[in-house]
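Single-letter residue listing:
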Amino acid sequence: MTAQVDYSYTHLSPWGYPGRKEFLPIVEKYDVTVTFRSVNLAMVFPLTGGLPLGKRHPARQKYRFVEHQRWAEKRGISMKYKPAHFPADITLADSVAIRLQEQGGPVSTYSRKVFEAIWQKDLDAADENVLIAILNELGPDADNLIEAANCEEMLEAYAANSPLAEAICAVGSPTYLLNSEPFWGLDRLDLL
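Here is what the cut-offs are and how they apply
Residues numbered from 1 in each chain as written. Predicted model: local features only at pLDDT ≥ 70, side-chain atom pairs only at ≥ 80, totals over all residues. Heavy atoms only, no water. Pairing = 2+ DSSP bridges. Helix = DSSP H or I, 4+ residues; strand = E, 2+ residues; numbered from the N terminus. Axes fitted to C-alpha atoms, helices over the stretch in contact; angles between N-to-C directions. Phe/Tyr/Trp six-rings, centres within 6.5 Å; stacked < 30°, edge-to-face > 60°. Buried < 20%, exposed > 50% of the residue type's maximum accessible area, 1.4 Å probe, protein only. Core = buried A, V, L, I, M, F, W, Y, C linked by side-chain atoms within 4.5 Å. Contact = heavy atoms within 4.5 Å. Expected span 1.5 Å × (residues − 1). Salt bridge = Lys/Arg side-chain N within 4 Å of Asp/Glu carboxyl O. Arc of directions from axis to C-beta.

Quick look at the sheet that holds strand β1 (residues 4-9)
In a beta sheet, neighbouring strands are held together by backbone hydrogen bonds and run either parallel or antiparallel to one another.
Right, on to step 1. Ordered in space as β2-β1-β3-β4, the four strands form an open sheet in which the pairing is mixed. Sheet topology places β2 (33-38) and β4 (181-184) at the edges, where each strand pairs with a single neighbour. The average angle at which neighbouring strand axes cross in this sheet is 20°, direction not considered.
Right, on to step 2. Of the strand pairs in this sheet, β1 and β2 are connected by six bridges, and their pairing is parallel. If you follow Y7 over to β2, its bridge partner there is F36.

Okay, structure coming up:
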């Protein structure tokens, strides 16, 4: 029987980017089926008692950059620790991922490219043109996917993922749910 993992994340998560590099080999090794579930952390944090970065104590904000550097080095990735377009409204990028998941499209590859756009290339993933360029690389009809992701149904699906995240104890991004057990953070992948 194939294992199933619900992967709650947002492309704007600096922890989701290095986390995915370790997560995907686990998926392949154990033949895991993944449901990519993008969430709006601005909605999740109030539900779970979290704070957006700008409202955290300065010591926590400063330490975050130390940890980014450590994890980027451990995962062997280059990373912009203070990207030019952070924070940003990532709704469209996250909604495209939902649409791709529904269609059985290349959501994993799309998400990798969006993470790289933000955290490596310093691009604005809230910019429709950046997303269209990514989608054109993948082959699907970019304009139709953007239009579908902008529709009310997809925006409602994106909003609905936040209370789902709360229900599974996903207090941040990334969170992996295996057999009703949450694993929050890229540092929990060994436990997963």
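A short note on the packing of aromatic side chains
Right, on to step 1. Taken as a whole and judged by the stated rule, the model has nine aromatic pairs.
Right, on to step 2. Relative to F23, the ring of Y7 has its centre 5.0 Å away and its plane inclined at 40°; by these criteria the two rings are tilted. In this pair, Y7 sits in strand β1 while F23 sits in helix α1 (residues 16-29), placing the two residues 16 residues apart along the sequence. F23 carries the same exposure label as Y7, and that label is buried.
Right, on to step 3. Arranged with centres 6.1 Å apart and planes meeting at 35°, the rings of Y17 and F115 form a pair that is tilted. Highlighted residues: Y17 in helix α1 and F115 in helix α5 (residues 107-119), separated in sequence by 98 residues. Here the two residues Y17 and F115 agree in accessibility, since each one is buried.
Right, on to step 4. Pairwise contacts between aromatic rings join Y7, Y9, Y17, F23, F36, F115 and Y176 into one cluster.

Quick notes on the nonpolar core
Right, on to step 1. Within the largest apolar cluster, 46 residues are counted, with the highest numbers of intra-cluster contacts made by Y7, F23, V96, Y110, V114, L135 and Y176.
Right, on to step 2. Ranked by the residues each element gives to this core, the list is headed by α5, at seven residues.
Right, on to step 3. Here Y7 is in contact with G16, R20, F23, V34, T35, F36, R37, F115, P174, T175 and Y176, once residues within four sequence places are set aside.
Right, on to step 4. Counting residues in each nonpolar core, the second largest holds six residues, with L41, V44, F45 and A170 among its members.

Let's talk about helix α3 (residues 58-75)
Right, on to step 1. The end-to-end C-alpha separation of α3 is 26 Å, in line with the 26 Å expected for 18 residues at 1.5 Å each.
Right, on to step 2. Where α3 is concerned, the buried positions are R64, F65, E67, H68, W71, A72 and R75.
Right, on to step 3. Its buried side turned inward, α3 meets α1 and α5.
Right, on to step 4. Positive backbone phi, at 70°, marks G76, one or two positions downstream of α3.

Overview of the pattern of salt bridges
Right, on to step 1. Here the structure, examined in full by the defined rule, presents seven salt bridges.
Right, on to step 2. The partner of E137 in a salt bridge is K113, and the shortest N-O contact between them spans 2.8 Å. Highlighted residues: E137 in helix α6 (residues 128-138) and K113 in helix α5, separated in sequence by 24 residues.
Right, on to step 3. Among the residues examined, E137 registers a relative accessible area of 53% and is labelled exposed.
Right, on to step 4. In this structure K113 comes out as buried when scored by relative accessible area, which is 18%.
Right, on to step 5. Salt-bridge contacts for D187 lead to R188; the nearest nitrogen and oxygen are separated by 2.7 Å.

Some remarks on helix α8 (residues 152-167)
Three- or four-residue spacings in an α-helix give side chains the same orientation, since the helix completes a turn every 3.6 residues.
Right, on to step 1. The end-to-end C-alpha separation of α8 is 23 Å, in line with the 22 Å expected for 16 residues at 1.5 Å each.
Right, on to step 2. Taken together, the buried positions of α8 are M154, Y158, N161, S162 and A165. For α8, the buried positions fall inside an angular range of 110° around the axis, keeping them on one side. Set apart from the buried face of α8 by more than 90 degrees, the exposed residues are E152 and A167.

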